[in-house]
Amino acid sequence: EKLKINEDIELRKRFDKKFYTGRVALPLYRYTMHKDNLTKNKNLKKLLTTVCTLDYLPTMASTIGAPLPQDRPIDGVDMLDLLKGSIWQRDKFIPFASNVKANTPKAAIVHQGYKLCLWLDGQHQDELYDIQKDPGERENLFNQRPELAAELRAAYFEWIESAQHSYEFGDYPGYVKQGSFLEIK
């Protein structure tokens, strides 16, 4: 695939709302080092697989052979095989949440090529996008795929319940509460 780095940069500039592509779904590039192409970009490859910063802990633990903690939720997944160049498919969703006050969705969940943007304000309808076919998030599929939207919404609220438990009761030793938890109306 020919790289479209400039297109990705334009995508980032196009959206100023928090949970739309360009803010939460920036492209990941993997560069394979080889003595013959240290100064060439022929081994720069855009990855179309969705990953996120939640994946850093499981990936680093896997890299150094360390076990993951069993006494708390780990939301990320080990993406070491992907970084090594193997075929890899994410099996967990990626959640996003914010108390941002702007006129924008307050949360999103990305899973298997779809993103559900949740407004959580009681006024706006959720939005569903096929981010593989429509990376610019221009065609809202919420009304065409209500079952998928309901499934993603349920998964999001299951995750937010776990996240609120971690926030309130400290699944993470030494954690000090910061800010306020997501407001849902």
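Coordinates for the structure precede this section.
Everything quoted here is computed from the prediction, not taken from an experiment.

> I tried to follow the nonpolar core on my own but got confused; where do I start?
Grouped burial of nonpolar side chains is what soluble globular proteins tend to show. Counting 20 residues, the largest nonpolar core has Ile109, Leu116, Leu118, Leu128, Leu152 and Tyr156 as the members making the most contacts within it. Those elements that place two or more of their residues in this core are strand 4 (107-111), strand 5 (114-118) and helix 4 (146-169). Top element by residues in this core is helix 4. It accounts for 9 residues. When neighbours within four sequence positions are excluded, leucine 128 is seen to be in contact with Tyr114, Lys115, Leu116, Glu139, Asn140, Leu141, Phe142, Arg145, Leu148, Ala149 and Leu152.

> Whenever I open this one, unusual backbone geometry confuses me. Can you help?
Negative phi characterises most residues that are not glycine, and trans characterises most peptide bonds. With phi around 45°, glutamine 112 is a residue other than glycine that occupies positive phi space. Relative to the helices and strands, glutamine 112 is located in the loop between strand 4 and strand 5. Within the chain, leucine 120 stands out as a residue other than glycine whose phi angle is a positive 55°. On the basis of relative accessible area, leucine 120 is assigned to the buried category, the value being 6%.

> So what exactly am I meant to see when it comes to helix 2 (residues 56-64) here?
Turn by turn, an α-helix covers 3.6 residues, leaving residues three or four places apart pointing in a common direction. For helix 2, the complete set of buried residues consists of Pro58, Thr59 and Ala61. Burial along helix 2 is one-sided: seen end-on, the buried residues are contained in an arc of 165°. Exposed residues lying more than 90 degrees from the buried face of helix 2 are Tyr56, Met60 and Ile64. Considering only its buried residues, helix 2 is in contact with helix 3 (80-84). Backbone geometry just downstream of helix 2 places glycine 65 in the positive-phi region, at approximately 75°.

> Can you help me understand the side chain of aspartate 134 in this one?
Among the secondary structure elements, aspartate 134 is positioned in the loop between strand 6 (127-130) and helix 4. At 5.5 Å, arginine 138 is the nearest oppositely charged side chain to aspartate 134, a buried residue that forms no salt bridge. From its side chain, aspartate 134 meets the backbone nitrogen of glutamate 139 in a polar contact 2.8 Å long. Not counting the four nearest positions on each side in its chain, aspartate 134 is found in contact with Tyr129 and Glu139.

> Please explain helix 4 as it appears in this structure.
Its 24 residues place the ends of helix 4 34 Å apart at the C-alpha level, agreeing with the 34 Å of an ideal helix rising 1.5 Å per residue. What helix 4 keeps buried is the set Leu148, Ala149, Leu152, Ala155, Tyr156, Trp159, Ile160, Ala163, Ser166 and Tyr167. Considering only its buried residues, helix 4 is in contact with strand 3 (94-97), strand 4, strand 5 and strand 6. At the exit of helix 4 stands glycine 170, carrying a positive phi of roughly 70°.

Rules and cut-offs
- Residues numbered from 1 in each chain as written.
- Predicted model: local features only at pLDDT ≥ 70, side-chain atom pairs only at ≥ 80, totals over all residues.
- Heavy atoms only, no water.
- Core = buried A, V, L, I, M, F, W, Y, C linked by side-chain atoms within 4.5 Å.
- Buried < 20%, exposed > 50% of the residue type's maximum accessible area, 1.4 Å probe, protein only.
- Helix = DSSP H or I, 4+ residues; strand = E, 2+ residues; numbered from the N terminus.
- Contact = heavy atoms within 4.5 Å.
- Arc of directions from axis to C-beta.
- Lys, Arg positive; Asp, Glu negative; His and termini not counted.
- Salt bridge = Lys/Arg side-chain N within 4 Å of Asp/Glu carboxyl O.
- Polar contact = N/O pair within 3.5 Å; in protein donor to acceptor, adjacent residues only side chain to side chain.
- Expected span 1.5 Å × (residues − 1).

The values are spatial; any link to function lies outside them.
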